[in-house]
Amino acid sequence: MKTNQVSQMLAVFTALFLFAAGCNSPAKETATQTTDASVQASQPVQVDEKEIDTLTKEFFKNVEKLDIETCMSFFEDSPDFLSINPDGTVGDYGSLKKLNADGFSQMASFKLTPKKEAIRILSDSQVLYAFNHSQDATLKNGQKLHYENVSGTMLFTKINGAWKATFYQESASAPVVLK
């Protein structure tokens, strides 16, 4: 495979697969004294965090199934959507979908191994999700690729009562071709 093709596949594979970093270690909590009012005030944040955790797990399952249509349903299809791809290019919803559809079409199988994730509640309508994982892909031609580190961030915005990713950024180490 030519170096250019491997570079293209890196960008394609990494674009959508970065979401697949569902390492769900619980957030560290510190002991604090709370009043009934502060406990009640913290409940919506806990619900939002759980919603994002569930949402991202579902997303990554669909990535491993190579289901581009379902995967893209997690993103907001609007002119305001922005993606920053591993190759440094900037894209919109349509270009991210094409990039990943091209990658999915070349794969026979895909596996993600979560390493770390973080969920940060920014407001009652915005949540930042960050992840790191490794990826293993088997191409339809039998070639096997391993990405040791794939990291990304997604900004989820609550739109009409549903969480949608309105921003996506990813970066990845170069793939290693396995024999």
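Quick note: structure is the one above.
Conventions used here
Residues numbered from 1 in each chain as written. Predicted model: local features only at pLDDT ≥ 70, side-chain atom pairs only at ≥ 80, totals over all residues. Heavy atoms only, no water. Helix = DSSP H or I, 4+ residues; strand = E, 2+ residues; numbered from the N terminus. Contact = heavy atoms within 4.5 Å. Salt bridge = Lys/Arg side-chain N within 4 Å of Asp/Glu carboxyl O. Buried < 20%, exposed > 50% of the residue type's maximum accessible area, 1.4 Å probe, protein only.

Visitor: Can you lay out the environment of M72 for me, pointing to particular residues and giving the numbers?
Guide: Looking at where M72 falls in the secondary structure, it is placed in helix α3 (residues 68-72). Here the alpha-carbon distance between M72 and Y93, two residues 21 residues apart in the chain, equals 8.4 Å.

Visitor: Report on the environment of L55, specifying residues and quantitative values.
Guide: Counting through the fold element by element, L55 comes out in helix α2 (residues 36-64). Taking the C-alpha atoms as reference points, L55 and K164, 109 residues apart in sequence, are found 9.5 Å from one another. Discounting residues that sit within four places of it in the chain, L55 has contacts with F74, F156 and W163.

Visitor: So, the pattern of salt bridges: which residues are in play, and what are the values?
Guide: For the structure shown, the criterion picks out six salt bridges. One salt bridge connects K158 with E51, and the closest N-O pair in it is separated by 3.9 Å. Residue K158 is located in strand β5 (residues 144-159), and its partner E51 is located in helix α2; the two are separated by 107 residues in the primary sequence. Residue K158 is classed as partly exposed on the basis of its relative accessible area of 30%. We note a salt bridge from E69 to K97, for which the minimum N-O separation is 3.0 Å. Note that E69 is positioned in helix α3 and K97 in helix α4 (residues 93-106), a separation of 28 residues in sequence.

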